Structures are given as C-alpha cells and as structure tokens.
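One-letter residues, chain by chain:
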2 protein chains.
Amino acid sequence: MSDTINKQVVLAARPHGAPKDTDFEVKEGPIGDPGDGEVLVRTIYFSLDPYMRGRMNDGPSYAAPVPIGGVMEAGSVGEVVASNADGYKVGDYVTGRGGWQQYAVMKAAEIRKVDPGLAPISTSLGVLGMPGHTAYSGLLTIGDPKPGETVVVSAASGAVGGIVGQIAKIKGARAVGVAGVQEKCDYVTGELGFDACVTHHSDTLAADLKAACPKGIDVYFENVGGKVFEAVLQNVNPFCRIPVCGAISMYNATSLPDGPNKLPMLTGLSIGMRLRMQGFIVTDYQDQFDDFQRDVSGWICDGSLKYKEDIVEGIENSVGAFQGLLEGKNFGKLVMHVGDDNSK
Amino acid sequence: MSDTINKQVVLAARPHGAPKDTDFEVKEGPIGDPGDGEVLVRTIYFSLDPYMRGRMNDGPSYAAPVPIGGVMEAGSVGEVVASNADGYKVGDYVTGRGGWQQYAVMKAAEIRKVDPGLAPISTSLGVLGMPGHTAYSGLLTIGDPKPGETVVVSAASGAVGGIVGQIAKIKGARAVGVAGVQEKCDYVTGELGFDACVTHHSDTLAADLKAACPKGIDVYFENVGGKVFEAVLQNVNPFCRIPVCGAISMYNATSLPDGPNKLPMLTGLSIGMRLRMQGFIVTDYQDQFDDFQRDVSGWICDGSLKYKEDIVEGIENSVGAFQGLLEGKNFGKLVMHVGDDNSK
C-alpha cells in the first residue's frame, strides 16, 4: 500500500436548502489501522444517493445525522488492504458503508464479499446493491403488481426507478415512468422497455399520465413527492398500492409548499379508492436480500433487466455530483470512482 | 296495515357546504306493492350516518349519488307487512336499505332477518350492523393492534369510534379517544373504558395526545381528517397503521383548507416512520360479517362491549338530526325512530 493519506469529504455545516460547496470540506486524514475483527478497505467506488441529504440534517429521523466534521456516509466497494478478521484476506473485494473517503476501517460483521467474476463490482452499489434491493422489495412486497395492471414509477431513469419498471414488466404489468427530461424518457422506453414515460416538467402532467395509463394506475412507486404525487392521485384505480420510497423533490425544501393543504384530499380519496400508502426503508427487508440477489442476477443474465451507471471520477468532484443528483442531473446510478479498479 | 301514505324525505337540491333545510323535502308518497321476490317493509328505525353526505354530491365516488327528487338512502330495520318472497312472512323483522321513509319495497336478496330476541332491533343499524362491522373489520384487518400497543380513534363516542376503542381494549391494547367535548370524553373513559380521551377543540391537541399516549401511537383509526389527523401524525410510532374510515370534518367543505400544503409532510413521514395508511369501505369485508356478528354479540353478552344509541323520534326531524350529526351534536349511534316498535 503506497498511499499514506486518506482523502475524505466531511460535513462542514448543515445545509439550509440545497447543499452548498461550503457545507463540505475535502480534507486529508490518516489511514486507520484495523482492530480485532476489522479490515482496512481501499475504496474503489462509493455511492451517492438522495437519502444522504437527510443525513445532513439534525433532528429526528430514522437514522442518526452525520456529525459536523464527520465523514459523509455512503455505501462503498473496494479492496481489502489489511485484515484482522477471520474470513477476509488482502485482495478480497468487499462492500460496506465506507463513506466518502479513500480508505475505511470496517467491521467484518458489517461488510460482505463481492465476486468480481459475476458482475462489475460497482453494481454492488446499484442494481445488485441497496438501490436494486429497494426497488425489488418495495415493488414486490408493497406494490404487488399483477399481470395486466399498470405500475407508475417516478424518477424512472434513476437507480431505483429504472429497476422498478423493469421488474413490473417481468411480472406482466404495464410500466409507465415519470422522468425529468425527454432524453431520460426516451431511454426509459427505448432501452429499459417501459411502455410509456412522461416528463414531470409538463404543465399537463395529470392529463399526460391519464393518456399513458388508459386503464388507470394500480401501483405507484413514489420516489419524488410533490406535484408528481398529486398528478398520480388524479389517476389512481380502486385498491391502488403506493410504496413510498422517497420524496426527492422535497429534500432541499426549507418549508412546506404553499397551500391549499391537500392532506384532506388524500384522506378522502383513500376511502373512496381504498388506497394503501406505505412507507418503507430497504433495511426492513433484509430477509429478502438473497432472493433479491438471485432474481435480479438472473434477470440481468437472461437480458430481461438492464442498468445504467453514471460514474464520476475523483473524490474532489463528489460534492458537485451530489448537488446535481438532487437536481436530477445524473443519468443512471450515480457512483463516484475514487481508486483504481483492478478487478476487471 | 292501516296506513295509506308513505312519508319520505327526498333530496330536493344538492347541498353546497352544510346541508340546508331546503335541500330536502318531506313528502307523502304511495306505499309500493312488492313484486316477485320482494317484500314490503314498514320502517321502524332508519340509520343516519356521516357517509350519507357524500351521496348528496354529484361527481365521481365509490357509490352513485342520490338523484334529485330521490328518497335519501339509509340502512333501516322494520317489519314485513307483505311478502312475495320465499322465506319471508308478514311479521318478520328485517334489515336492509329502506331509506328515509316509512315504507319500502325491498328485494329478498338484499335484506336479512333480525332476531328481536337477541338484541333490540335498532342495534342492527349500529353495534350489530354496518357501523359495528366497520369498526371490527377496519381495526382488526388494517389496524391489527397488538397487546400493549396504543390505538387512537377519533369521533371516539360515535357509532364506529366507541366500538373501535373497546375492541382495542379487548385485544390488549391501550385505547385513546379524540372527541368533540368533555362530556363525550367522560363517557368514553367512564362508560366505555378507554384509557384516555382528549378533546379536539383544544389548542394543544398534539401535546394533549402526546400526554395521553406516552409510548406513542401504533394505530390511528381515522374518522375525522383535518387537524386531528395532523396532530396524530406528530405522535406516531414507526410502523404505525392508519385505517382510513372517514373524514367527517371535511364532508361539508367546499374547498380545501388554506395551506401550507402538508401532503409532502406525510410523504416524508411515511418513509421515516414506515406508516401504512389504508382507506377502506365496510362492504370490502363482507366475508367477515359472520365473524363480526359472532364476536361482537359475544362481547356484548359478556359485558366487555357497550354501546349507546341516540334515538330521534319522527321522520320530520331527520333533516335536523342529520345536520346535527355532521356537527357532532349527536351522542351515540344516531337512529331515527319512525314507526311503532312492537318487537320489544
């Protein structure tokens, strides 16, 4: 191991609204020593995901915030460069929560091995990792699409959305995406095989959705919140299921949008339409991880499921990449490439 | 049968906001003749329920509106005075959807017999009828309270809410009510055995709920919508279940309340708290009707479930009684008494 420093991105201040450059600091820290039962991992890729915006806020949440001065959290994949843990040796590829940094000491109990012979190791952060698992468990457990039903998913070209629509198709449903721009819509229908896709910047979103879903919406996989959700609600069928995975349109909001207050509208609609709206976090479905890996690997192998990565080079560029993610500027699963990948 | 006229309440105009006297007309109609497979029933009691406000509106709903000039719909119980249907004879007590009128011709397939020896026949419109079934199936199927959990129910002294809280107690949960006035709260805790009850007119409703639910809220049975729902959301536990049964606070609304728009707040909270919010209509659970009748009858017999009726005399008073219902002026299950009850 020739490196002696560990570049890290730490949280310098809690963002108010959209994260600014000055809310972060790229600094050089030491490379840690693995204690008993730990390994030192050289990060090759780390993941950037919308949920990280929540970790930058103080206050109650399902997960503790990143402390000021702390390394930003992230899933990562890399190479073991020192091991004090049974079952792990130098040269193993592992994935865990290494954060936005070049080296991380991790507990053996909190990592798992990645086989570079099965798929590029970066997929352990995307289609074969947390985002894929999120799509798989949220759609199949809560959404439960039936053949012939219509599934709508927002952020349809994103790391989760693209997989949701493809699994819906595999299960015999009609898949309709909502994405930010026409280029993404073209990808979703052309490459991923969705039946239709509409852009959420349209002034006629509810009508566009109606046209794209002539038999109404049976499942809405919610990633964005806000106006897209309201437009979907105008087109739901009775007994529609709504797995609530994210609300990216609101993550930078500093206050609720101006009224009228549409919460009572949802209550009323819920009764008449017997809507089922259910929030979830992927870690609730840890017991489905093996099923997810087996099914999605199989679908990738037989060509029925595709994925796209948006790989950004260099840890110095991670803040800008994350800012762009919240604005929908990425195209495919956003992954930072911060160390040599010798696994290929 | 000595009567020759049939007093009826018909819908004269579609209410805008709160129903006015002039939106209805009490008129005298003919007494119908039962055709093949039909019976003529002399109404003894009919039910007034909040859902009827929705039937007065035109526009899309899970049920067709009452036409202008049509008899208002209602569940009713009465005595067969003429029968052209196998299995029904003069003198039988039956319940069905007779409407706001003194006589109704009903299809045998759409009624069922009521045994006056088991309970007062008016209970077939309340604790042993639609409201009881609504409470039973919504709470147990969607809410699924576990021993030691906390169940909150709004409109807690009402036909549905009072039963919800008592079944929660029977299942080993803590029952907390929300009601309009202190007198109703005292009844809910003193007579029905709820652990606590708060009034929704309080300026400190969210804090009052927090005090009444020191371990947070695991199930919220939603009857009223609006501010009560928002106060509940400030006190939910992870994995809280929210059966959505009604939204009585909104039934007379002519527009959504002023902002901010709190719909995105719910989306965000749903994820972190893994909320499950599910609307339902009692007819979705027809297959549970026998279980409901068996269980609730048993609980009434062994003294673990109590009920209260608010019986108003005379069909001429039904409009005023219904107006009061939407304002929370009734106290217990509201039932109109419109014909002699010889069953006692």
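All values reported here derive from a predicted model rather than from experimental measurement. (Residues numbered from 1 in each chain as written. Chains lettered and ligands numbered in written order. Predicted model: local features only at pLDDT ≥ 70, side-chain atom pairs only at ≥ 80, totals over all residues. Heavy atoms only, no water.)

1. Some remarks on helix α9 (residues 318-326) of chain A
Part 1: Most of α9(A) sits out of view: eight of its nine residues are buried.
Part 2: Along α9(A), the positions that sit buried rather than exposed are S318(A), V319(A), A321(A), F322(A), Q323(A), G324(A), L325(A) and L326(A). (Buried < 20%, exposed > 50% of the residue type's maximum accessible area, 1.4 Å probe, protein only. Helix = DSSP H or I, 4+ residues; strand = E, 2+ residues; numbered from the N terminus.)

2. Looking at the packing of aromatic side chains
Part 1: For the coordinates displayed, the defined rule picks out 20 aromatic pairs over all chains.
Part 2: Taken together, a centroid distance of 5.8 Å and an interplanar angle of 55° make the contact between Y136(A) and F292(A) tilted. Residue Y136(A) is found in helix α2 (residues 130-143), and its partner F292(A) is found in helix α8 (residues 289-301); the two are separated by 156 residues along the sequence. For the pair Y136(A) and F292(A), a shared accessibility class is recorded, and that class is buried.
Part 3: For the pair F24(B) and W100(B), a centre-to-centre distance of 5.9 Å together with 10° between the ring planes defines the contact as stacked. Of the two residues, F24(B) sits in strand β2 (residues 24-29) while W100(B) sits in the loop between β5 (93-96) and β6 (103-107), which places them 76 residues apart along the sequence. Comparing F24(B) with W100(B), the two get one shared label, buried. (Phe/Tyr/Trp six-rings, centres within 6.5 Å; stacked < 30°, edge-to-face > 60°.)

3. Focus on the confidence of the model for chain A
Part 1: Looking at chain A as a whole, its pLDDT mean stands at 95, while 99% of the residues score no less than 70.
Part 2: Interface confidence in the predicted complex, given as ipTM, is 0.90; pTM for the same model is 0.93. (pLDDT = per-residue confidence, 0-100.)

4. Describing the sheet that holds strand β12 (residues 236-244) of chain A
Part 1: Spatially, twelve strands are ordered β10(A)-β9(A)-β8(A)-β11(A)-β12(A)-β13(A)-β13(B)-β12(B)-β11(B)-β8(B)-β9(B)-β10(B) in an open sheet, and the strand pairing comes out mixed. The open sheet has two edge strands, β10 (196-199) of chain A together with β10 (196-199) of chain B, and neither has a second partner. Neighbouring strand axes in the sheet, compared pairwise and without regard to direction, differ in orientation by 15° on average.
Part 2: The pairing of strand β8 (residues 150-154) of chain A with strand β9 (residues 174-179) of chain A spans five bridges and is classified as parallel. (Pairing = 2+ DSSP bridges. Axes fitted to C-alpha atoms, helices over the stretch in contact; angles between N-to-C directions.)

5. Brief notes about the pattern of salt bridges
Residues and elements named next belong to chain A.
Part 1: For the structure on display, the rule yields 33 salt bridges over all chains.
Part 2: Among the salt bridges present, the one from D195 reaches K169, with a minimum N-O distance of 2.9 Å. With D195 in the loop between α4 (182-190) and β10 and K169 in helix α3 (residues 161-170), this pair connects stretches of sequence that are 26 residues apart.
Part 3: With a relative accessible area of 33%, D195 lands in the partly exposed category. (Salt bridge = Lys/Arg side-chain N within 4 Å of Asp/Glu carboxyl O.)

6. Overview of the packing of α2(A) against α8(A)
Residue and element names in this part refer to chain A.
Part 1: Across the interface, α2 lies against α8 with an axial gap of 10 Å and an inter-helix angle of 100°. As summarised for this structure, α2 and α8 are arranged roughly perpendicular, according to the angle between their axes. Here G132, H133 and Y136 of α2 lie close against α8, whose contacting residues are F289, D291, F292, D295, V296 and W299.
Part 2: Counted by class, the contact of α2 with α8 contains five nonpolar, two polar and two charged residues. (Parallel < 35°, antiparallel > 145°, perpendicular 65-115°, else oblique. Contact = heavy atoms within 4.5 Å. Nonpolar A, V, L, I, M, F, W, Y, C, P; charged D, E, K, R; others polar.)

7. Digging into the interface of chain B and chain A
Part 1: Each side of the interface is counted separately: chain B has 35 residues, and chain A has 35 residues.
Part 2: Summed over both sides, the interface of chain B with chain A buries roughly 3,100 Å², with 69% coming from carbon and sulfur.
Part 3: Summed over the three residues of chain B that lose the most area to chain A, namely N261(B), L263(B) and I271(B), the buried surface amounts to 21% of that side.
Part 4: Across the salt bridge formed by D284(B) and R274(A), the nearest N and O atoms sit 2.7 Å from each other.
Part 5: Linking chain B with chain A are eleven residue pairs in polar contact (both at pLDDT 80 or more), by the criterion used here.
Part 6: Listing elements by their share of the side of chain B that touches chain A, those giving two or more residues are α6 (227-233), β12 (236-244), α7 (263-273) and β13 (276-279) of chain B.
Part 7: No other element matches the eight residues that α7(B) contributes to the side of chain B that touches chain A. (Buried area = accessible area lost by both parts, 1.4 Å probe. Polar contact = N/O pair within 3.5 Å; in protein donor to acceptor, adjacent residues only side chain to side chain.)

8. Let's talk about the domain arrangement of chain A
Residue and element names in this part refer to chain A.
Part 1: The domain architecture assigned to chain A consists of domain 1 (6-126 + 307-337) and domain 2 (130-284).
Part 2: Between the C-alpha centres of domain 1 and domain 2 the distance comes to 28 Å.
Part 3: Taken together, the contact pairs 22 residues of domain 1 with 13 residues of domain 2.
Part 4: Buried area between domain 1 and domain 2, both sides added, is near 1,400 Å², and the carbon and sulfur share of it is 65%.
Part 5: Three residues, G126, L326 and F331, lead the burial of domain 1 against domain 2; their summed loss comes to 31% of the area buried on that side. (Domains from an automatic or database assignment.)

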